[in-house]
Amino acid sequence: MEPERPRLTGTSAASIPAASGDLFESPPRSSANTAVILSAADIGRTVDRIAHQILESVGDAETILVGIPRRGVPLARRLADRMGTFSGTRPDVGSLDITLYRDDLRGRPPRPLEETRLPDSGVDGLVVVLVDDVLYSGRTIRAAMDALRDHGRPAAIRLAVLVDRGHRQLPIRADYVGKNIPTAFGDDVAVRLAETDGFDAVHVVRAA
Amino acid sequence: MTTTTPDTTPTTTPATTPATTPAGNEADLRTTAARLPRHLLSAADLDRDAAIEVLDTAERIDQAIAGREVRKLPTLRGRTVVNLFFEDSTRTRISFEVAAKRLSADVINFSAKGSSVSKGESLKDTALTLQAMGADAVVCRHSASGAPHRLAGWVSGSVVNAGDGTHEHPTQALLDAFTLRRHLVGRDRSAGAGLDGRHVVIVGDVLHSRVARSNVLLLSTLGTSVTLVAPPTLLPVGVESWPCGISYHLDAALAGADAVMMLRVQRERMDGAFFPTVREYTRGYGLDLRRRSLIADDGIVMHPGPMNRGVEIAPAVADGDGSVITEQVANGVTVRMAVLYLLLSGSDGGAA
């Protein structure tokens, strides 16, 4: 019944069929209530820019990009690839599942856990750049910072997101933002990446 | 409105009318885990999806805390887990206690000895007391088969069977399946996988073993073929209806097996003459080095503990290559964390 789960390990960007019932199964077109915010080419340029910005601000500090599953992980991997191209050294990439640190576990069905993969040597003294697709309430990032604290003591924690849609519920902001998208509370911001969805796009479905 | 057609996209039919149901900011591929029943009383309560979900969750939890200084997660903060043990147990009780504490739950240990049970309190009254104290989960071990089932009808939290008489011990079966999957499938390829096409031999006192019963049920759910090997006196009535094979000859059954699971000779339950002497039992059904060599080259040796060294298993085998007995204990904590997470994280707190 459960379709085979996409694996985020390995570097292959093989397209994985989206689960049934997912919002879109192919690139959407703009329509009355759907706006395409970033195309595949836009996403590529945005990733390049954020990669430059991270390189500019962290300098020579030892850096690790930590993606938050699901879509933060392929984004972190892309950023690392680009940083490797620009600077000659590709930073490490990790993945950090924050489900066990969520503050809303009660009152809804249990969530499946995702992959956590951090270096065996820990994160002590590293500059950790958290990478996620959408920054919204800030609660995911709060949970990620709690989780990181249990893994060690990074020199600094930074945050890179592809989309900031506003509506923060906690005093958190991103250091590197791909695009700010003003949204209403009921809107749905959907990030689609080739690694998880088969194509690249960011679109907003406006609340009816 | 802009009409943008992404240029590097697979050629699929364009979406005609996208669904408009707002899904917050999370349109994840899978946001809900396979559901477990409210209580974990029998390995038969778990269908294949639920069983694999437990094993996958355990693998993820292990990843999340591996190599960390702080081996504690805040997941079940404010929840109360009661260990209700009417029968002696060290490893299972400690394993559940460590599992609950690693998830930040409050743990209350309740053993029949030194409690009001020794003053004659009934199981139902004990249950109602726990209910009044607000237990979110009750982990129950009892010498009477079926006691956790009765308990489940009296408390509003989740009941986990930690061994009831000669009936079932589902978390032991789950940790055995987890250990098997790690070794036979491999940690990296295990996500979502069952144990299909494997062959496991379970040897010894099946009659008194709740471990054997739970393992037969769970392993057959996961696609493994199981052969029980025991002297005829130590097989329960009706065993031929179980989803497994039966043999009286250990040497023949072991040939090429992926794993052999030795059961403890439960002397405390031996109220009849089941075999003439311990020595004769060991000759017929003990695992020594010669028999160890009969299983598959990469096969593993398991034992739920506590071991009777020199009776059902030779020390050289218990400590030798391919023995995963201490690993089973470590995996027990992880698997029980997974069970508690899946049973408790979604609920609103039964004793509200």
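Source: prediction; values computed, not measured.

Trainee: How would you summarise the confidence of the model for chain A if you had to cite specific residues and measurements?
Mentor: Across chain A, the average pLDDT comes to 87, with 88% of residues at or above 70. In the model, residues 1-22 of chain A has pLDDT below 50 throughout and makes 32 contacts with residues more than four positions away in sequence or in other chains.

Trainee: Please set out the sheet that holds strand β1 (residues 80-85) of chain B residue by residue, giving values where relevant.
Mentor: All names here are of chain B. A sheet is described by the order of its strands in space; here four strands give the open sequence β2-β1-β3-β4, paired in parallel fashion. A single partner strand is all that each edge strand has here, and the edge strands are β2 (106-111) and β4 (158-164). Neighbour to neighbour, the strand axes of the sheet diverge by 15° on average, direction disregarded.

Trainee: How would you sum up unusual backbone geometry? Please name residues and give values.
Mentor: In this structure, the amide linkage connecting Pro69 of chain A to the following residue, Arg70 of chain A, adopts the cis form with an omega of 0°. Note that the residue after Gly305 of chain B, namely Pro306 of chain B, is joined by a cis bond; omega there is -10°. With respect to the element layout, Pro306 of chain B can be found in the loop between β9 (300-302) and α10 (315-318). Of note in the backbone geometry, His167 of chain A takes a positive phi value of approximately 65° without being a glycine. Mapped onto the secondary structure, His167 of chain A falls in the loop between β5 (156-164) and β6 (176-180). For His167 of chain A, a count of 15 C-beta atoms within 10 Å gives the class partly exposed. Although it is not a glycine, Ser104 of chain B adopts a positive phi angle of roughly 70°. Checked against the element boundaries, Ser104 of chain B lands in the loop between α2 (91-102) and β2. According to the C-beta neighbour criterion, Ser104 of chain B is partly exposed, with 15 such atoms within 10 Å.

Trainee: Residue-level account of the nonpolar core, with values.
Mentor: Among the nonpolar cores identified, the biggest contains 151 residues, and Leu79 of chain A together with Val138, Val203 and Leu340 of chain B are the most heavily contacted of them. Tallying contributions element by element places helix α11 (residues 325-344) of chain B first for this core, with 10 residues. Split by domain, the residues of this core number at least three in each of domain 1 (43-66 + 74-168 + 331-344) and domain 2 (170-328) of chain B. For Leu79 of chain A, the residues in contact, after removing those within four places along its chain, are Val47, Ile50, Ala51, Ile54, Leu65, Val131 and Ala160 of chain A.

What counts, and where the lines are drawn
- Residues numbered from 1 in each chain as written.
- Chains lettered and ligands numbered in written order.
- Predicted model: local features only at pLDDT ≥ 70, side-chain atom pairs only at ≥ 80, totals over all residues.
- pLDDT = per-residue confidence, 0-100.
- Contact = placed C-beta atoms within 7 Å.
- Pairing = 2+ DSSP bridges.
- Helix = DSSP H or I, 4+ residues; strand = E, 2+ residues; numbered from the N terminus.
- Axes fitted to C-alpha atoms, helices over the stretch in contact; angles between N-to-C directions.
- Buried ≥ 20, exposed ≤ 12 C-beta atoms within 10 Å, placed from the backbone.
- Core = buried A, V, L, I, M, F, W, Y, C linked by C-beta atoms within 7 Å.
- Domains from an automatic or database assignment.

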